[in-house]
Amino acid sequence: MVAEDLEMSLAASLAAMASLDAAGLEDVRLQWLGKAGILTGRLKALGAMTPEARKAEGAALNDCKERLNQALSARRAALDEEALAARLERERIDVTAPARPEPVGAIHPISRTLEEITAIFGAMGFTVKEGPDIEDDWHAFGALNIPGHHPARAMMDTFYLNASLGNRPALLRPHTSSVQVRTMLTQAPPIRIIVPGRTYRSDHDATHSPMFHQTEGLVIGRDITLGHLKGCLIDFLRMFFGNPALPVRFRASYFPFTEPSMEVDIGWNRKTGEIGKGGDWLEILGSGMVHPNVLANCGIDPREFQGFAFGVGIERITMLKHGIADLRLFYESDVRWLRHYGAAPLSPAMLHEGV
Ligand code: DAH
(Lines give C-alpha, C1' and ligand atoms only; values in the text may rest on other atoms or scores of the structure.)
Protein backbone atom coordinates (compact mmCIF):
# COMPACT_ATOMS: atom_id res chain seq x y z
CA MET A 1 0.00 0.00 0.00
CA VAL A 2 1.18 3.49 -0.82
CA ALA A 3 0.85 4.75 2.74
CA GLU A 4 2.65 1.72 4.14
CA ASP A 5 5.58 3.84 5.05
CA LEU A 6 3.34 5.49 7.67
CA GLU A 7 2.27 2.20 9.17
CA MET A 8 5.13 1.79 11.60
CA SER A 9 5.01 5.23 13.09
CA LEU A 10 1.20 5.12 13.28
CA ALA A 11 1.36 1.78 15.08
CA ALA A 12 3.87 3.29 17.52
CA SER A 13 1.60 6.26 18.15
CA LEU A 14 -1.42 4.03 18.74
CA ALA A 15 0.50 1.81 21.13
CA ALA A 16 1.83 4.78 23.10
CA MET A 17 -1.66 6.17 23.67
CA ALA A 18 -2.44 3.65 26.39
CA SER A 19 -0.26 5.57 28.82
CA LEU A 20 -1.08 9.13 27.72
CA ASP A 21 -3.23 11.66 29.50
CA ALA A 22 -5.54 14.19 27.81
CA ALA A 23 -2.68 16.62 27.07
CA GLY A 24 -0.54 13.82 25.62
CA LEU A 25 -3.42 12.74 23.38
CA GLU A 26 -3.73 16.29 22.09
CA ASP A 27 -0.02 16.30 21.23
CA VAL A 28 -0.49 13.11 19.21
CA ARG A 29 -3.51 14.55 17.42
CA LEU A 30 -1.55 17.66 16.46
CA GLN A 31 1.43 15.58 15.40
CA TRP A 32 -0.77 13.78 12.86
CA LEU A 33 -3.70 16.01 12.10
CA GLY A 34 -2.56 19.53 13.11
CA LYS A 35 -1.75 22.21 10.52
CA ALA A 36 1.74 20.81 10.05
CA GLY A 37 0.70 17.24 10.88
CA ILE A 38 1.98 14.16 9.08
CA LEU A 39 -1.38 13.15 7.64
CA THR A 40 -2.34 16.73 6.85
CA GLY A 41 0.79 17.11 4.70
CA ARG A 42 0.19 13.84 2.91
CA LEU A 43 -3.47 14.64 2.20
CA LYS A 44 -2.45 17.99 0.74
CA ALA A 45 0.00 16.25 -1.58
CA LEU A 46 -2.81 14.10 -3.11
CA GLY A 47 -3.70 16.94 -5.49
CA ALA A 48 -0.46 16.59 -7.40
CA MET A 49 -0.89 12.82 -8.00
CA THR A 50 -2.22 10.88 -10.95
CA PRO A 51 -5.81 9.78 -10.47
CA GLU A 52 -4.92 6.13 -9.81
CA ALA A 53 -2.15 6.93 -7.42
CA ARG A 54 -4.41 9.43 -5.68
CA LYS A 55 -7.14 6.86 -5.25
CA ALA A 56 -4.88 4.31 -3.62
CA GLU A 57 -2.99 6.84 -1.46
CA GLY A 58 -6.22 8.64 -0.48
CA ALA A 59 -7.90 5.46 0.69
CA ALA A 60 -4.86 4.47 2.71
CA LEU A 61 -4.56 7.90 4.31
CA ASN A 62 -8.24 7.94 5.23
CA ASP A 63 -7.83 4.54 6.77
CA CYS A 64 -4.93 5.87 8.86
CA LYS A 65 -6.94 8.92 9.87
CA GLU A 66 -9.89 6.83 10.95
CA ARG A 67 -7.81 4.44 13.03
CA LEU A 68 -6.07 7.37 14.66
CA ASN A 69 -9.34 9.16 15.50
CA GLN A 70 -10.89 5.98 16.82
CA ALA A 71 -7.92 5.28 19.04
CA LEU A 72 -7.96 8.88 20.31
CA SER A 73 -11.62 8.81 21.27
CA ALA A 74 -11.33 5.36 22.84
CA ARG A 75 -8.46 6.57 24.99
CA ARG A 76 -10.33 9.78 25.89
CA ALA A 77 -13.38 7.77 26.95
CA ALA A 78 -11.17 5.52 29.07
CA LEU A 79 -9.62 8.60 30.74
CA ASP A 80 -13.08 10.05 31.50
CA GLU A 81 -14.17 6.79 33.00
CA GLU A 82 -11.06 6.59 35.16
CA ALA A 83 -11.64 10.16 36.38
CA LEU A 84 -15.26 9.43 37.26
CA ALA A 85 -14.33 6.25 39.11
CA ALA A 86 -11.68 8.15 41.07
CA ARG A 87 -14.15 10.87 41.94
CA LEU A 88 -16.79 8.43 43.10
CA GLU A 89 -14.18 6.77 45.25
CA ARG A 90 -13.02 10.10 46.66
CA GLU A 91 -16.53 11.40 47.36
CA ARG A 92 -17.94 8.22 48.71
CA ILE A 93 -20.83 8.92 51.14
CA ASP A 94 -21.30 6.74 54.14
CA VAL A 95 -25.05 6.80 54.57
CA THR A 96 -24.76 4.79 57.77
CA ALA A 97 -22.62 7.44 59.53
CA PRO A 98 -24.37 8.83 62.63
CA ALA A 99 -25.70 12.42 62.24
CA ARG A 100 -23.59 15.19 63.76
CA PRO A 101 -25.46 16.60 66.76
CA GLU A 102 -27.25 19.85 65.83
CA PRO A 103 -27.36 22.64 68.39
CA VAL A 104 -30.84 22.61 69.92
CA GLY A 105 -32.66 25.96 69.94
CA ALA A 106 -34.81 27.31 72.74
CA ILE A 107 -37.75 29.68 73.01
CA HIS A 108 -36.67 33.07 74.34
CA PRO A 109 -38.24 33.76 77.76
CA ILE A 110 -39.99 36.88 76.42
CA SER A 111 -41.60 34.87 73.61
CA ARG A 112 -42.49 32.20 76.09
CA THR A 113 -44.21 34.69 78.41
CA LEU A 114 -46.17 36.12 75.48
CA GLU A 115 -47.24 32.58 74.53
CA GLU A 116 -48.35 31.89 78.08
CA ILE A 117 -50.27 35.14 78.39
CA THR A 118 -51.99 34.45 75.09
CA ALA A 119 -52.89 30.93 76.24
CA ILE A 120 -54.26 32.10 79.57
CA PHE A 121 -56.33 34.99 78.20
CA GLY A 122 -57.28 32.91 75.17
CA ALA A 123 -58.88 30.43 77.53
CA MET A 124 -60.87 33.34 79.01
CA GLY A 125 -62.22 34.28 75.59
CA PHE A 126 -59.83 37.12 74.72
CA THR A 127 -58.53 37.61 71.19
CA VAL A 128 -55.15 39.08 70.24
CA LYS A 129 -54.93 42.53 68.63
CA GLU A 130 -51.93 44.32 67.19
CA GLY A 131 -51.26 47.93 66.33
CA PRO A 132 -48.46 50.00 64.81
CA ASP A 133 -45.23 50.66 66.73
CA ILE A 134 -45.11 54.10 65.13
CA GLU A 135 -48.09 56.03 66.43
CA ASP A 136 -49.43 59.55 66.37
CA ASP A 137 -49.83 61.45 69.61
CA TRP A 138 -53.62 61.36 69.55
CA HIS A 139 -53.82 57.54 69.60
CA ALA A 140 -50.97 57.33 72.13
CA PHE A 141 -52.11 60.18 74.41
CA GLY A 142 -54.98 62.45 73.40
CA ALA A 143 -57.68 59.82 73.00
CA LEU A 144 -56.55 58.25 76.26
CA ASN A 145 -57.46 61.39 78.16
CA ILE A 146 -53.84 62.57 78.39
CA PRO A 147 -53.93 66.17 77.09
CA GLY A 148 -50.87 67.98 75.74
CA HIS A 149 -49.73 69.56 78.98
CA HIS A 150 -50.32 66.42 81.05
CA PRO A 151 -47.32 65.27 83.14
CA ALA A 152 -47.92 61.67 82.03
CA ARG A 153 -46.54 62.60 78.62
CA ALA A 154 -43.28 63.72 80.16
CA MET A 155 -43.25 60.76 82.55
CA MET A 156 -43.22 58.32 79.70
CA ASP A 157 -39.97 59.63 78.14
CA THR A 158 -41.44 59.20 74.70
CA PHE A 159 -39.30 59.03 71.57
CA TYR A 160 -40.75 61.58 69.16
CA LEU A 161 -39.99 61.15 65.48
CA ASN A 162 -39.04 63.96 63.19
CA ALA A 163 -42.21 63.30 61.21
CA SER A 164 -45.95 63.43 61.43
CA LEU A 165 -48.82 61.07 60.73
CA GLY A 166 -51.70 62.95 59.20
CA ASN A 167 -51.30 66.29 60.95
CA ARG A 168 -50.24 64.76 64.21
CA PRO A 169 -46.71 64.36 65.60
CA ALA A 170 -45.40 60.80 65.12
CA LEU A 171 -43.75 58.87 67.93
CA LEU A 172 -42.72 55.39 68.98
CA ARG A 173 -45.57 54.18 71.13
CA PRO A 174 -44.60 54.30 74.82
CA HIS A 175 -47.35 51.85 75.75
CA THR A 176 -49.71 49.40 74.04
CA SER A 177 -52.72 51.39 75.33
CA SER A 178 -52.93 53.08 71.90
CA VAL A 179 -54.36 49.82 70.54
CA GLN A 180 -57.29 50.16 72.96
CA VAL A 181 -58.19 53.28 71.01
CA ARG A 182 -57.72 51.68 67.61
CA THR A 183 -59.87 48.72 68.62
CA MET A 184 -62.74 50.77 70.05
CA LEU A 185 -62.77 52.96 66.97
CA THR A 186 -63.17 49.98 64.65
CA GLN A 187 -65.01 47.35 66.65
CA ALA A 188 -68.37 47.58 68.38
CA PRO A 189 -68.71 46.23 71.94
CA PRO A 190 -68.58 43.64 73.34
CA ILE A 191 -64.78 43.82 73.20
CA ARG A 192 -62.40 41.42 74.88
CA ILE A 193 -58.83 41.78 73.65
CA ILE A 194 -55.21 41.57 74.68
CA VAL A 195 -52.46 43.43 72.87
CA PRO A 196 -49.01 41.91 73.21
CA GLY A 197 -46.37 44.10 71.58
CA ARG A 198 -43.27 46.25 71.60
CA THR A 199 -43.10 49.60 73.32
CA TYR A 200 -40.40 52.27 73.51
CA ARG A 201 -39.13 54.75 76.06
CA SER A 202 -35.95 56.74 76.44
CA ASP A 203 -34.73 54.79 79.45
CA HIS A 204 -31.83 52.37 79.92
CA ASP A 205 -30.56 50.57 83.03
CA ALA A 206 -30.71 47.15 84.71
CA THR A 207 -34.50 47.23 84.84
CA HIS A 208 -35.34 49.45 81.84
CA SER A 209 -34.66 49.06 78.14
CA PRO A 210 -35.47 51.61 75.40
CA MET A 211 -37.41 48.82 73.69
CA PHE A 212 -39.51 46.57 75.86
CA HIS A 213 -42.79 44.65 75.73
CA GLN A 214 -46.21 45.15 77.23
CA THR A 215 -49.52 43.43 77.03
CA GLU A 216 -52.58 45.62 77.18
CA GLY A 217 -55.98 44.22 78.04
CA LEU A 218 -59.39 45.70 77.30
CA VAL A 219 -62.88 44.46 78.08
CA ILE A 220 -65.94 46.53 77.13
CA GLY A 221 -69.56 45.52 77.55
CA ARG A 222 -72.87 46.63 79.04
CA ASP A 223 -72.41 45.06 82.46
CA ILE A 224 -68.67 44.88 82.98
CA THR A 225 -67.74 45.73 86.58
CA LEU A 226 -64.75 46.10 88.85
CA GLY A 227 -65.53 42.56 90.03
CA HIS A 228 -64.78 41.27 86.53
CA LEU A 229 -61.52 43.17 86.50
CA LYS A 230 -60.44 41.68 89.81
CA GLY A 231 -61.51 38.13 89.01
CA CYS A 232 -59.83 38.25 85.62
CA LEU A 233 -56.50 39.59 86.87
CA ILE A 234 -56.38 37.34 89.95
CA ASP A 235 -56.94 34.30 87.72
CA PHE A 236 -54.34 35.50 85.26
CA LEU A 237 -51.65 36.12 87.88
CA ARG A 238 -52.27 32.82 89.68
CA MET A 239 -52.08 30.87 86.44
CA PHE A 240 -49.06 32.74 85.16
CA PHE A 241 -47.05 32.22 88.34
CA GLY A 242 -48.38 28.67 88.73
CA ASN A 243 -49.62 29.29 92.25
CA PRO A 244 -53.37 28.96 92.95
CA ALA A 245 -52.90 30.62 96.35
CA LEU A 246 -50.85 33.62 95.13
CA PRO A 247 -51.81 36.65 97.24
CA VAL A 248 -53.05 39.51 95.02
CA ARG A 249 -53.80 43.03 96.25
CA PHE A 250 -55.56 45.92 94.49
CA ARG A 251 -54.35 49.35 95.52
CA ALA A 252 -55.94 52.65 94.52
CA SER A 253 -53.80 54.57 92.07
CA TYR A 254 -54.06 57.04 89.22
CA PHE A 255 -54.00 56.70 85.44
CA PRO A 256 -55.55 59.36 83.18
CA PHE A 257 -57.37 56.72 81.12
CA THR A 258 -59.07 54.85 83.98
CA GLU A 259 -61.41 55.81 86.81
CA PRO A 260 -61.06 54.33 89.34
CA SER A 261 -57.49 53.21 88.77
CA MET A 262 -55.69 50.42 90.58
CA GLU A 263 -52.18 49.15 90.90
CA VAL A 264 -52.06 45.38 91.31
CA ASP A 265 -49.54 43.86 93.74
CA ILE A 266 -48.58 40.25 94.38
CA GLY A 267 -47.23 38.76 97.59
CA TRP A 268 -43.51 38.00 97.76
CA ASN A 269 -40.51 37.85 99.99
CA ARG A 270 -38.38 40.94 99.51
CA LYS A 271 -35.26 39.23 100.93
CA THR A 272 -35.30 35.96 99.01
CA GLY A 273 -37.24 37.13 95.95
CA GLU A 274 -39.60 34.19 96.42
CA ILE A 275 -43.04 34.83 94.97
CA GLY A 276 -46.22 33.91 96.78
CA LYS A 277 -45.01 33.99 100.38
CA GLY A 278 -43.19 36.32 102.72
CA GLY A 279 -45.63 39.08 103.55
CA ASP A 280 -44.18 41.80 101.25
CA TRP A 281 -45.98 43.30 98.25
CA LEU A 282 -44.67 43.84 94.77
CA GLU A 283 -46.35 46.08 92.22
CA ILE A 284 -46.90 44.17 89.03
CA LEU A 285 -49.40 45.88 86.74
CA GLY A 286 -51.74 48.84 86.27
CA SER A 287 -55.47 48.61 85.74
CA GLY A 288 -58.80 50.36 86.12
CA MET A 289 -62.28 50.98 84.77
CA VAL A 290 -62.02 52.68 81.38
CA HIS A 291 -62.54 56.44 81.82
CA PRO A 292 -65.82 57.72 80.30
CA ASN A 293 -63.83 60.34 78.36
CA VAL A 294 -61.83 57.57 76.68
CA LEU A 295 -64.99 55.71 75.69
CA ALA A 296 -66.50 58.92 74.30
CA ASN A 297 -63.26 59.80 72.44
CA CYS A 298 -63.45 56.40 70.77
CA GLY A 299 -67.11 56.70 69.78
CA ILE A 300 -68.57 54.48 72.49
CA ASP A 301 -71.41 55.85 74.60
CA PRO A 302 -70.28 55.74 78.26
CA ARG A 303 -73.93 55.69 79.43
CA GLU A 304 -74.43 52.45 77.60
CA PHE A 305 -71.10 50.68 77.93
CA GLN A 306 -68.32 50.37 80.46
CA GLY A 307 -65.33 48.16 80.93
CA PHE A 308 -61.88 47.66 82.32
CA ALA A 309 -58.34 47.83 81.05
CA PHE A 310 -54.93 46.80 82.26
CA GLY A 311 -51.32 46.97 81.18
CA VAL A 312 -48.55 44.63 82.19
CA GLY A 313 -44.80 44.81 81.51
CA ILE A 314 -43.61 41.56 79.96
CA GLU A 315 -39.92 41.84 80.90
CA ARG A 316 -40.79 42.49 84.52
CA ILE A 317 -43.06 39.49 85.07
CA THR A 318 -40.64 37.29 83.12
CA MET A 319 -37.74 38.39 85.34
CA LEU A 320 -39.80 37.66 88.44
CA LYS A 321 -40.98 34.28 87.25
CA HIS A 322 -37.53 33.04 86.22
CA GLY A 323 -35.33 34.90 88.72
CA ILE A 324 -33.57 36.97 86.04
CA ALA A 325 -31.78 39.88 87.72
CA ASP A 326 -30.77 42.10 84.79
CA LEU A 327 -33.16 42.99 81.98
CA ARG A 328 -30.32 43.74 79.55
CA LEU A 329 -29.55 40.01 79.35
CA PHE A 330 -32.78 39.54 77.38
CA TYR A 331 -31.26 41.36 74.42
CA GLU A 332 -27.63 40.22 74.45
CA SER A 333 -28.30 37.12 72.34
CA ASP A 334 -25.91 35.03 74.44
CA VAL A 335 -26.75 31.42 73.55
CA ARG A 336 -25.40 30.13 76.87
CA TRP A 337 -27.91 32.35 78.65
CA LEU A 338 -30.68 31.30 76.30
CA ARG A 339 -29.82 27.64 76.81
CA HIS A 340 -30.32 28.16 80.53
CA TYR A 341 -33.41 30.40 80.54
CA GLY A 342 -35.01 29.38 77.24
CA ALA A 343 -37.88 26.93 77.03
CA ALA A 344 -37.92 23.74 74.99
CA PRO A 345 -39.61 24.28 71.63
CA LEU A 346 -43.14 22.92 71.46
CA SER A 347 -43.35 22.44 75.22
CA PRO A 348 -46.90 23.06 76.41
CA ALA A 349 -47.69 26.54 77.68
CA MET A 350 -47.99 27.14 81.42
CA LEU A 351 -51.73 26.90 81.34
CA HIS A 352 -51.53 23.12 81.30
CA GLU A 353 -48.87 22.90 83.98
CA GLY A 354 -50.22 25.37 86.49
CA VAL A 355 -53.45 25.82 88.35
N1 DAH B 1 -50.26 52.31 79.90
C2 DAH B 1 -49.75 52.12 81.25
C3 DAH B 1 -48.23 52.20 81.21
O4 DAH B 1 -47.66 52.05 80.20
C5 DAH B 1 -50.16 50.79 81.78
C6 DAH B 1 -51.62 50.73 82.03
C7 DAH B 1 -52.13 51.08 83.27
C8 DAH B 1 -52.48 50.30 81.05
C9 DAH B 1 -53.47 51.02 83.53
C10 DAH B 1 -53.85 50.26 81.29
C11 DAH B 1 -54.33 50.62 82.55
O12 DAH B 1 -54.71 49.86 80.36
O13 DAH B 1 -55.64 50.55 82.78
O14 DAH B 1 -47.64 52.39 82.23
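See the structure printed just above.
Because the structure is a prediction, the values reported are computed rather than measured.

**Q** Give a description of the packing of helix α2 (residues 22–33) against helix α3 (residues 38–45) that names residues and reports values.
**A** α3 packs onto α2 with a crossing angle of 20° between their chain directions and a minimal axis gap of 3 Å. For the element pair α2 / α3, the angle class is roughly parallel. Where α2 abuts α3, its residues Gln-31, Trp-32 and Leu-33 lie against Ile-38, Leu-39 and Thr-40. Classifying every residue of the contact of α2 with α3 by side-chain character gives four nonpolar, two polar and no charged.

**Q** Account for the layout of surface pockets, with residues named and values stated.
**A** Considered as a void within the structure, the largest pocket measures approximately 1200 Å³ in volume. Residue lining of the largest pocket: 44 residues in total, with Arg-201, Gln-214, Glu-283, Gly-313 and Arg-316 positioned closest to the centre. Examining the composition of the lining of the largest pocket, we find that seven residues originate from one element, strand β9 (residues 280–290), more than from any other. The residue inventory of the lining of the largest pocket, partitioned by class, reads 20 nonpolar, 16 polar and eight charged.

**Q** How would you sum up the site of the ligand? Please name residues and give values.
**A** Taken together, 15 residues surround the ligand, and among them His-175, Ser-177, Arg-201, Gln-214 and Glu-216 come closest. Between the ligand and Arg-201, the relevant distance is 2.8 Å, taken from an oxygen atom to a side-chain nitrogen or oxygen of the residue. When isolated, the ligand has an accessible area of 350 Å², and the protein chains bury 90% of it. Taken atom by atom, the bulk of the ligand overlaps the largest pocket. Looking at the shell around the ligand, the elements that each hand over two or more residues are β6 (211–221), β9 and β10 (306–313).

**Q** So what's going on with the packing of helix α5 (residues 109–123) against helix α9 (residues 226–240)? Which residues, and what values?
**A** Taken N-terminus to C-terminus, the directions of α5 and α9 make an angle of 135°; their axes are 10 Å apart at the nearest point. When the interaxial angle is binned, α5 and α9 end up oblique. Where α5 crosses over α9, the handedness of that crossing is right-handed. Every residue of α9 that contacts α5 at Thr-113, Glu-116, Ile-117, Ile-120 and Phe-121 is listed here: Cys-232, Phe-236, Met-239 and Phe-240. Residues of the contact of α5 with α9, tallied by class, amount to seven nonpolar, one polar and one charged.

**Q** Residue-level account of the environment of Arg-100, with values.
**A** Looking at the secondary structure, you find Arg-100 in the loop between α4 (51–90) and α5. Classification of Arg-100 by relative accessible area gives exposed; the value is 74%. With 25 residues separating them along the chain, Arg-100 and Arg-75 place their C-alpha atoms 42 Å apart.

Here is what the cut-offs are and how they apply
- Residues numbered from 1 in each chain as written.
- Predicted model: local features only at pLDDT ≥ 70, side-chain atom pairs only at ≥ 80, totals over all residues.
- Heavy atoms only, no water.
- Axes fitted to C-alpha atoms, helices over the stretch in contact; angles between N-to-C directions.
- Helix = DSSP H or I, 4+ residues; strand = E, 2+ residues; numbered from the N terminus.
- Parallel < 35°, antiparallel > 145°, perpendicular 65-115°, else oblique.
- Contact = heavy atoms within 4.5 Å.
- Nonpolar A, V, L, I, M, F, W, Y, C, P; charged D, E, K, R; others polar.
- 1 Å grid on protein atoms, 1.4 Å probe; cavity = no way out; pocket = protein on both sides within 12 Å on 5 of 7 lines; lining within 4 Å.
- Points joined across faces, edges and corners; volume = space filled by probe spheres on them.
- Near = heavy atom within 4 Å.
- Polar contact = N/O pair within 3.5 Å; in protein donor to acceptor, adjacent residues only side chain to side chain.
- Areas by Shrake-Rupley, 256 points an atom, 1.4 Å probe, with all protein chains shown as cover.
- Sits in = over half its atoms within 2 Å of the grid points.
- Left-handed = near helix turned anticlockwise from the far one by under 90°.
- Buried < 20%, exposed > 50% of the residue type's maximum accessible area, 1.4 Å probe, protein only.

In short, the description is geometric, and any link to function would need to be established separately.
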